[in-house]
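Chain by chain, the residues:
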Amino acid sequence: MSKRGAYLESLRETFDCAYRVLTSERFKKMEGLSNEVPFFVLRYKPDWEPSVDKELARLLRHLREERYRLADVDVFALAVEIWKGSPFFGQMLSMEAQLDSDTFRAGLSGVIDVEGVLAPAIKTAVDEAGGEENVDAVLLSGVHHLFPLVRTHLLLNCLQPLLGRVPMVVTFPGSYHQSPSTHSALVLFDQISQDNYYRAFDLVKF
């Protein structure tokens, strides 16, 4: 593995590493967590984003072949379902041209309120997949497509009281800077700081 904090050589190597970690006995037994919540960031180089869907599908296929019990949640697709199911969504779209961008963004954000709507919807999706007691891990993808309406660190904070006992992995195009002496931070696309977050582990280094 490359030096601490650096990306691996390719997206395929990154997802192959994720597969090895997810299926390892250390991960299954949640060793080395030091009583922290079992949340993990699967970070990758933003330039690799066009190939992520393909590699993610390959990872999911391999895990299914191993009969790995994974609750796979596409958070962006889930948010779209929530928007479409809202009586306000059609109204907002019809009024988009008349609204300033901040007002339109606030309307969209309100429908998928992270704490009150989106996080509980993810919990429901996990429950439908078997619940915390019957899945080996939860994989969240597509969160970055919702930026700036949804920030990864806020979503994870809101999920902690709902799904804090099950290993959870969130895919993330960017860096996760961790430091024992300063605040850790998720940096979306290696350009946009998503504010301080220190509760998750870096999956490729676990």
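For clarity, every value in this text was computed on a predicted model and none was experimentally measured.

### Details of the overall build of the protein chain
On a plain count of helices and strands, the protein chain comes out with eight helices and seven strands. Seen along its three principal axes, the alpha-carbon backbone of the protein chain occupies a region of about 55 × 35 × 35 Å. Counting every position in the protein chain, which comprises 206 residues, the buried fraction comes to 47%. Within the protein chain, counting contacts between residues at least 6 apart in sequence, those at least 24 apart form 76% of the total. Of the roughly 10700 Å² of accessible surface on the protein chain, a fraction of 49% belongs to carbon and sulfur atoms.

### Description of the packing of aromatic side chains
Summed over all chains, the structure comprises seven aromatic pairs. An angle of 50° between the planes, with centres 5.1 Å apart, marks the rings of Phe27 and Phe40 as tilted. A residue pair is termed long-range when its members are at least 10 positions apart, and Phe27 in helix α2 (residues 25–28) and Phe40 in strand β1 (residues 39–44) qualify at 13 residues. Grouping residues by exposure puts Phe27 and Phe40 together as buried. Between the aromatic rings of Phe27 and Phe206, the centroid separation amounts to 6.2 Å while the plane-to-plane angle is 90°, which identifies the pairing as edge-to-face. With Phe27 in helix α2 and Phe206 in the segment after β7 (201–202), the pair connects residues that are 179 residues apart, well separated along the chain. Its guanidinium or amino end placed over the ring of Phe206, Arg26 lies 4.2 Å from that ring's centre, counting from NZ or CZ.

### Some words on empty space enclosed by the protein
Summed over all chains, the structure comprises one cavity of 30 Å³ or more. Estimated volume of the largest cavity: approximately 30 Å³. Considering the residues around the largest cavity, the lining is formed by Ala6, Tyr7, Leu8, Thr14, Arg43 and Val204. Each residue belonging to the lining of the largest cavity can be placed in one class, and the counts come to four nonpolar, one polar and one charged.

### Overview of the nonpolar core
Of all hydrophobic cores here, the largest spans 42 residues; its most connected members are Ile122, Leu140 and Leu155. Of the residues forming this core, the biggest block, six residues, is contributed by helix α7 (residues 114–128). Dropping the residues within four chain positions of it, Leu140 is found in contact with Val73, Val75, Ile122, Leu159, Met168, Val169, Val170 and Thr171. Formed by 28 residues, the second largest nonpolar core is a distinct cluster that contains Leu33, Trp48, Val52 and Leu60.

### Topic: helix α3 (residues 52–65)
Given a rise of 1.5 Å per residue, 14 residues ought to cover 20 Å, and the 20 Å separating the end C-alpha atoms of α3 matches this to within 8%. All of the buried residues in α3 are Val52, Glu55, Leu56, Arg58, Leu59, Leu60 and Leu63. On its buried face, α3 sits against α1 (11–22), β1, β2 (70–74) and β3 (137–141). Arg67, located one to two residues past α3, shows a positive phi value of around 55°.

### A few points about the packing of α7 against helix α8 (residues 152–163)
Axis separation between α7 and α8 bottoms out at 9 Å; the angle between their running directions is 55°. Classed by the angle they form, the pair α7 and α8 counts as oblique. Viewed along their axes, α7 and α8 form a crossing whose handedness is right-handed. Listed contacts from α8 to Val114, Glu115, Leu118, Ala119, Pro120, Ile122, Lys123 and Val126 of α7 are Leu154, Leu155, Cys158, Leu159, Leu162 and Leu163.

### Looking at helix α6 (residues 101–111)
If you check which residues of α6 are buried, you get Phe104, Leu108 and Val111. End-on view of α6: buried residues confined to an arc of 60°, all on one side of the axis. Residues of α6 that are buried sit in contact with α4 (75–85), α5 (89–95) and α7. Where α6 starts, the residue carrying a side-chain oxygen 3.1 Å from the main-chain nitrogen of Asp102 turns out to be Asp100.

Conventions and cut-offs
- Residue numbers restart at each chain and count upward from 1, following the sequence in its written direction.
- Two thresholds apply to this predicted model, a pLDDT of at least 70 for residue-level local features and 80 or more for giving and counting side-chain atom pairs, whereas whole-chain, interface and lining totals are computed over all residues.
- With hydrogens and water excluded, all non-hydrogen atoms of the structure serve as input to the side-chain values.
- By definition, any uninterrupted DSSP run of H or I lasting at least four residues is a helix, any uninterrupted run of E lasting at least two residues is a strand, and each is numbered from the N terminus.
- Burial classes: relative accessible area under 20% of the type maximum marks a residue as buried, over 50% as exposed, and values in between as partly exposed (1.4 Å probe, protein chains only).
- Throughout, a contact is declared for two residues whenever any of their heavy atoms are within 4.5 Å.
- Using a 1.4 Å probe, accessible areas were evaluated by the Shrake-Rupley method; residue-level cover was limited to the displayed protein chains.
- Whether two aromatic rings pair depends on their centres lying within 6.5 Å, for rings of Phe, Tyr and Trp, where Trp uses its six-membered ring; planes under 30 degrees apart make the pair stacked, over 60 edge-to-face, and the rest tilted.
- Lysine and arginine charges are scored as sitting over a ring when NZ or CZ, respectively, is within 6 Å of the ring centre and within 35 degrees of the ring normal.
- Put plainly, a pocket is an open set of points on a 1 Å grid over the protein atoms alone with protein on both sides within 12 Å along at least five of seven lines, a cavity is a set where a 1.4 Å probe fits but cannot get out, and a lining residue has an atom within 4 Å of a point.
- Grid points are joined across faces, edges and corners, and a volume is the space filled by probe spheres set on the points.
- Residue type decides the class: Asp, Glu, Lys and Arg count as charged, Ala, Val, Leu, Ile, Met, Phe, Trp, Tyr, Cys and Pro as nonpolar, and the leftover types, Gly among them, as polar.
- Take the buried residues of types Ala, Val, Leu, Ile, Met, Phe, Trp, Tyr and Cys, join any two whose side-chain atoms come within 4.5 Å, and each joined set is a nonpolar core.
- By definition here, a helix of n residues has an expected span of 1.5 Å times n minus one.
- A fitted line through C-alpha atoms serves as each axis, taken over the contacting stretch for helices, and the angle formed by two N-to-C directions is quoted from 0 to 180°.
- Orientation is classified from the angle alone, with under 35 degrees giving roughly parallel, over 145 giving roughly antiparallel, 65 to 115 giving roughly perpendicular, and any other angle giving oblique.
- By definition, any crossing whose near helix is turned counterclockwise from its far helix by less than a right angle is left-handed, and any crossing with a clockwise turn is right-handed.
- This arc describes the spread of directions from the helix axis toward the C-beta atoms.
- In protein, a polar contact requires one atom able to donate a hydrogen and another able to accept it; more generally it is a pair of N or O atoms within 3.5 Å, and residues adjacent in sequence count only if both atoms are side-chain atoms.

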